[in-house]
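# Structural description and commentary
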Amino acid sequence: MGYENIRVETRGKVGLITLDRPSALNALNSALIDELNTALSGFETDERIGCTVITGSEKAFAAGADIKEMGSLDYMEAYLSDFITSWEQVSRTRKPVIAAVAGYALGGGCELAMMCDFIIAADTAKFGQPEITLGVMPGAGGTQRLTRFVGKSKAMDMCLTGRMMEAEEAERCGLVSRVVPADELLEEALKAAEKIADFSLPIAMMTKESVNRAYETTMSEGIRFERRVFHSMFATEDQKEGMSAFAEKRKPQFNNK
Ligand code: CAA
């Protein structure tokens, strides 16, 4: 498929999606989201791919939902089309996805980054949920994911004042996993993705599923889930290979079985 709002590449075992709508600071309109979903589905089913990186430009990861496209929506159109629900495909991907964020990640852009498994931020990154300034509130998970990631007080502060937070604050409060110099962002994100993609894909997928359980259930149920999945890993060839390789002092050759 020809993409107009994103660029899609593979780098070895890594899928790279670059949001590319510079005239609107990568604002997320329906065409961009459709393309993003198509690219994500392609990487999900591509056996060669073990991890995906989503990034934007130096100036903006994404400046939110497209305000000009969304501005004239009425309630019934929003309700009947289930506006926003199709954006959540990234949160349903089973393979790991990393957000590499430079510049603005605002509104739906911040929410898209939070749907990824973790965020690596450039020192230029700015996160915010400014929807209240537009007479709405976050609608792509911001009130829920941000609160789980940074706690109630900071989530309330961000959503109620609409202020932006810099990369350093975002790392301090746990929104991002690490901050790197802007000119090293893509390289660092790809390095992390390659590392993940070199491990056993099913084990990485099960690990992701298990960490995500922490956000969906109680501690005891989460631990029970983890234990069951952990036990099941002893039925894989990759567990035998990983542990034999350690004992034999060699690099493991995982074959996703
Ligand atoms: N939607 C549509 N267009 C947008 C946009 C958005 N979210 N953000 C920026 N643009 C457009 C601007 O309209 C402008 O286009 P024109 O040149 O045609 O006028 C172009 O991108 C460049 O933007 P600016 O001139 O404003 O650039 P700046 O450097 O002066 O400011 C900014 C940058 C502070 C990010 C500013 O653009 C801004 O505040 N953008 C809106 C951010 C926002 O409110 N996001 C939340 C959207 S609502 C949402 O996301 C709902 C949800 O939860 C799903």
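Our subject is the structure that appears above.
First things first, this report covers the structure right here in the doc. (Residues numbered from 1 in each chain as written. Predicted model: local features only at pLDDT ≥ 70, side-chain atom pairs only at ≥ 80, totals over all residues. Heavy atoms only, no water.)

## Structural notes on the nonpolar core
Definition in use: Take the buried Ala, Val, Leu, Ile, Met, Phe, Trp, Tyr and Cys residues and link them wherever side-chain atoms come within 4.5 Å; each set so joined is a nonpolar core. When a residue's accessible area, from a 1.4 Å probe over protein chains only, is under 20% of the maximum for its type it is buried; when over 50% it is exposed; and in between it is partly exposed. Put simply, DSSP marks the helices as runs of H or I at least four residues long and the strands as runs of E at least two long, and each gets a number from the N terminus on.
Of all hydrophobic cores here, the largest spans 44 residues; its most connected members are L19, I54, F61, V101, I119, F127 and L175. If you tally residues by element for this core, the top one is helix α1 (residues 30-45), at six residues. In this structure, L16, I98, A100 and A193 belong to the second largest nonpolar core, which totals 18 residues.

## Points about the site of the ligand
Quick note on the threshold: We define proximity as follows: a residue is near a molecule or strand when any one of its heavy atoms falls within 4 Å of that partner. A 3.5 Å cut-off defines polar contacts: any pair of N or O atoms within that distance qualifies, except that in protein one atom must be a possible hydrogen donor and the other a possible acceptor, and neighbouring residues in sequence count only when both atoms are side-chain atoms. A 1.4 Å probe and the Shrake-Rupley method give the accessible areas. Residues count as covered only by the protein chains that appear here.
Taken together, 24 residues sit near the ligand, with K59, A65, G108, E111 and E131 positioned nearest. Contact distances for the ligand include 2.9 Å between a nitrogen atom and a backbone N or O atom of I67. Within the backbone of G108, one N or O atom sits 2.7 Å away from an oxygen atom of the ligand. Relative to its unbound accessible surface of 990 Å², the ligand loses 66% to contact with the protein. Contributing elements (two or more residues each) for the shell around the ligand: α2 (67-70), β6 (104-106) and α5 (108-115).

## Considerations on the sheet that holds strand β7 (residues 118-122)
Here is the rule: Two strands pair under a simple rule: DSSP has to find at least two bridges between them. Where helices are involved, their axes are fitted lines through C-alpha atoms of the stretch in contact, as for all axes, and angles between N-to-C directions lie from 0 to 180°. A contact between two residues is defined here by any heavy atoms of the two lying within 4.5 Å.
The mixed open sheet is built from six strands, whose spatial order is β1-β2-β3-β5-β7-β10. The sheet is open, and its two edges are formed by β1 (6-11) and β10 (178-180), each paired on a single side. Strand-to-strand, the axes of this sheet are offset by a mean angle of 20 degrees, without reference to chain direction. As paired strands, strand β5 (residues 97-101) and β7 are joined by four bridges and run parallel to one another. What sits directly across from A99, in β7, is I119. On the sheet, helix α9 (residues 185-198) packs against β1, β2 (14-19), β3 (51-55), β5, β7 and β10 and is oriented at approximately 165 degrees with respect to β3.

## With respect to a negative patch on the surface
Definition in use: Note that patches include only residues with greater than 30% relative accessible area and no salt bridge, and the join distances are 9 Å for like charges and 5 Å for nonpolar side chains (Val, Leu, Ile, Met, Phe, Trp, Tyr). Whenever Lys or Arg places a side-chain nitrogen within 4 Å of a carboxyl oxygen from Asp or Glu, that contact is recorded as a salt bridge. In summary, the charge assignment counts Lys and Arg as positive and Asp and Glu as negative, without counting His or the chain termini. Charge coordinates come from a single atom per side chain, which is NZ of Lys, CZ of Arg, CG of Asp or CD of Glu.
Residues E58, D123, D183, E184 and E187 make up a contiguous surface patch of negative charge. Residue placement: E184 occurs in the loop between β10 and α9.

## Quick notes on the layout of surface pockets
What counts is decided by this rule: With a 1 Å grid spanning the protein atoms alone, the term cavity applies to any set of points in which a 1.4 Å probe fits but cannot get out, the term pocket to an open set with protein on both sides within 12 Å along at least five of seven lines, and the term lining residue to any residue with an atom within 4 Å of a point. Grid points are joined across faces, edges and corners, and a volume is the space filled by probe spheres set on the points. Amino acid classes used here: Ala, Val, Leu, Ile, Met, Phe, Trp, Tyr, Cys and Pro are nonpolar; Asp, Glu, Lys and Arg are charged; the rest, including Gly, are polar.
As a volume, the largest pocket reaches approximately 1000 Å³. If you go around the largest pocket, you meet 33 residues; those closest to its centre are D117, K208, V211, N212 and Y215. Among the secondary structure elements, those contributing two or more residues to the lining of the largest pocket are α4 (89-92), α5, β7, α6 (142-150) and α10 (201-213). Tallied by class, residues from the lining of the largest pocket come to 17 nonpolar, seven polar and nine charged. What the second largest pocket holds in volume is close to 520 Å³. Mapped by element, the contributors of at least two residues to the lining of the second largest pocket are α2 and α5. Of the residues in the lining of the second largest pocket, the class split is 16 nonpolar, five polar and two charged.

## Some remarks on empty space enclosed by the protein
This model, assessed by the stated rule, comprises one cavity of 30 Å³ or more. Volume-wise, the largest cavity comes out at about 40 Å³. Around the largest cavity, the lining residues are L40, F43, E44, T52, T93, K95, P96 and V97. For the lining of the largest cavity, the element with the most residues is α1, which contributes three residues.

## Observations concerning the packing of aromatic side chains
Two descriptors summarise a pair of aromatic rings, namely the distance from one centre to the other and the angle between the planes of the rings. Our working definition: Ring pairs shown here join Phe, Tyr and Trp side chains whose ring centres sit within 6.5 Å, with only the six-membered ring taken for Trp; geometry is labelled stacked below 30 degrees between planes, edge-to-face above 60, and tilted in between. By the criterion adopted, a ring carries a charge over it if an Arg CZ or a Lys NZ lies within 6 Å of its centre and within 35 degrees of its normal.
Following the criterion strictly, the structure yields four aromatic pairs and no others. Summarising the aromatic geometry, the rings of Y75 and Y79 are spaced 5.9 Å apart at their centres and angled 20 degrees between planes, so their arrangement reads as stacked. Taken together, the residues Y75 and Y79, both in helix α3 (residues 75-80) and four residues apart, mark about one turn of the helix. Looking at Y75, the relative accessible area reads 59%, which means it is exposed. On the accessibility criterion, Y79 (54% relative accessible area) is exposed. Their ring planes at 85 degrees and their centres at 5.3 Å tell us that F230 and F234 sit as a pair that is edge-to-face. Residue classification places F230 among the partly exposed positions, given a relative accessible area of 44%. Residue F234 is classed as partly exposed on the basis of its relative accessible area of 38%. The ring centre of F225 lies 4.2 Å from the NZ or CZ of R213, which sits over that ring.

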